[in-house]
Amino acid sequence: MIKFLLMVNKQGQTRLSKYYEQVELGKRAALEADVVRGCLARRKEECSFVEYKDYKLVYRQYAALLIVVGVTENENELSIYELVHNFVEVLDKYFSRVSELDIMFNLDKVHIILDEMILNGHIVETNKNRILAPLLALDKMTES
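Because the structure is a prediction, the values reported are computed rather than measured.

A.B. asks: Even after reading the chapter, I still don't get the UniProt feature "domain: AP complex mu/sigma subunit" (unreviewed entry) in the chain, so can you show me in this structure?
C.D. replies: The residues that UniProt annotates with the feature "domain: AP complex mu/sigma subunit" (unreviewed entry) are residues 1-141. When the span residues 1-141 is considered, its composition is 47% helix and 26% strand, and the gap between its end C-alpha atoms is 34 Å.

A.B. asks: It is not clear to me how the pairing of strand β4 (residues 55-62) should be interpreted in this structure. Could you clarify?
C.D. replies: Counting buried residues in β4 gives six out of eight residues, a clear majority hidden from the surface. Examined bridge by bridge, strand β3 (residues 49-52) and β4 share four bridges and lie antiparallel to one another. Each bridged residue has a counterpart across the sheet, and for V50 the counterpart in β4 is L57. Judged from the seven bridges that link them, β4 and strand β5 (residues 65-71) form a sheet pairing that is antiparallel. Bridging across to β5, L57 finds its partner in G70. In this antiparallel pair of consecutive strands, β4 and β5, the connection spans two residues, and A63 shows a positive phi of 50 degrees.

A.B. asks: What is the right way to look at unusual backbone geometry in this model?
C.D. replies: Only a minority of non-glycine residues have a phi that is not negative, and only a minority of peptide bonds are not trans. Even without glycine at this site, K53 takes up a positive phi of about 50 degrees. Position of K53 relative to the elements: it lies in the loop between β3 and β4. Of note in this structure, N120 is not a glycine but carries a positive phi near 50 degrees. Mapped onto the elements, N120 comes out in the loop between β6 (118-119) and β7 (122-123).

A.B. asks: Whenever I open this one, helix α2 (residues 77-95) confuses me. Can you help?
C.D. replies: In an α-helix there are 3.6 residues to a turn, and that puts residues three or four apart on one side. Its 19 residues give α2 an end-to-end C-alpha distance of 27 Å, which sits within 8% of 27 Å, the value for a rise of 1.5 Å per residue. For α2, the capping residue at the N-terminal end is N76, with a side-chain oxygen 2.9 Å from the backbone nitrogen of L78. Looking one or two residues past α2, S96 carries a phi angle of roughly 55 degrees, positive in sign.

A.B. asks: Got a minute to help me understand the packing of aromatic side chains in this structure?
C.D. replies: Pairs of aromatic rings are described using the distance from one ring centre to the other and the angle between the two planes. Tallied over the full model, the rule gives four aromatic pairs. Seen from their ring centres, F4 and Y19 are 5.8 Å apart, and the 35 degrees between their planes marks the pair as tilted. Taken as a pair, F4 in strand β1 (residues 2-9) and Y19 in strand β2 (residues 14-19) lie far apart in primary sequence, 15 residues in all. Here the aromatic rings of F49 and Y81 are separated by 5.9 Å at their centres, their planes lie at 85 degrees, and the arrangement is edge-to-face. Taken together, the positions of F49 in strand β3 and Y81 in helix α2 put the pair 32 residues apart, joining distant regions of the chain. The class for F49 is partly exposed, based on a relative accessible area of 26%. Joined through ring pairs, the aromatic side chains of F4, Y19 and Y55 make up one cluster.

A.B. asks: What is the right way to read the packing of α2 against helix α5 (residues 128-143) from this model?
C.D. replies: The relative placement of two packed helices comes down to the angle between their axes together with the axis-to-axis distance. α5 packs onto α2 with a crossing angle of 35 degrees between their chain directions and a minimal axis gap of 10 Å. The way α2 lies across α5 gives a crossing that is right-handed. Two secondary-structure elements touch here, α2 through N86, E89, V90, K93 and Y94 and α5 through K128, N129, I131, L132, L135, L136 and D139. Grouping the amino acids of the contact of α2 with α5 by side-chain chemistry returns six nonpolar, two polar and four charged.

A.B. asks: Please clarify how the nonpolar core should be interpreted in this entry.
C.D. replies: A general feature of soluble globular proteins is that nonpolar side chains tend to end up buried together. Within the largest apolar cluster, 28 residues are counted, with the highest numbers of intra-cluster contacts made by I2, M7, F87 and I113. Elements with a minimum of two residues in this core: β1, β5, α2, α4 (107-117) and α5. Tallying contributions element by element places α2 first for this core, with nine residues. Those residues within four positions of I113 in sequence are excluded, and the remaining contacts are F87, V90, L91, Y94, I131, L132 and L135.

Scoring rules and cut-offs
- Residues numbered from 1 in each chain as written.
- Predicted model: local features only at pLDDT ≥ 70, side-chain atom pairs only at ≥ 80, totals over all residues.
- Heavy atoms only, no water.
- UniProt positions renumbered as here; feature names shortened; annotations may be inferred.
- Helix = DSSP H or I, 4+ residues; strand = E, 2+ residues; numbered from the N terminus.
- Buried < 20%, exposed > 50% of the residue type's maximum accessible area, 1.4 Å probe, protein only.
- Pairing = 2+ DSSP bridges.
- Expected span 1.5 Å × (residues − 1).
- Polar contact = N/O pair within 3.5 Å; in protein donor to acceptor, adjacent residues only side chain to side chain.
- Phe/Tyr/Trp six-rings, centres within 6.5 Å; stacked < 30°, edge-to-face > 60°.
- Axes fitted to C-alpha atoms, helices over the stretch in contact; angles between N-to-C directions.
- Left-handed = near helix turned anticlockwise from the far one by under 90°.
- Contact = heavy atoms within 4.5 Å.
- Nonpolar A, V, L, I, M, F, W, Y, C, P; charged D, E, K, R; others polar.
- Core = buried A, V, L, I, M, F, W, Y, C linked by side-chain atoms within 4.5 Å.

Shown next, in the form of structure tokens:
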């Protein structure tokens, strides 16, 4: 089960955080700081799977953005690794070469995409066209 997803830049600033279990606000900041610091400190040659406290962390870096997913011990790391890649491909398809600024200024749309893919910590959709369908319908409604 997915416990959280973080999207941060190389400076460690959180651009998106989504939690699928209750975590107190005070503990979130400390958790995010530890997780991000640990992932950013790793070299590119090292594995993208890290054990951290009660979580397994799966992370992937795209240009200036780092996406970190915290999962339970029994979750398949490779499936989460591919989920992250699929998430970035969907963002690229919608934003035409997604950037950090796209995420910052369209956070609501990024959350819609993420909510279409993950529900209560479980992967529910991976088809790019189905994921983008509700967002494209909203875009059509706002145009007219």
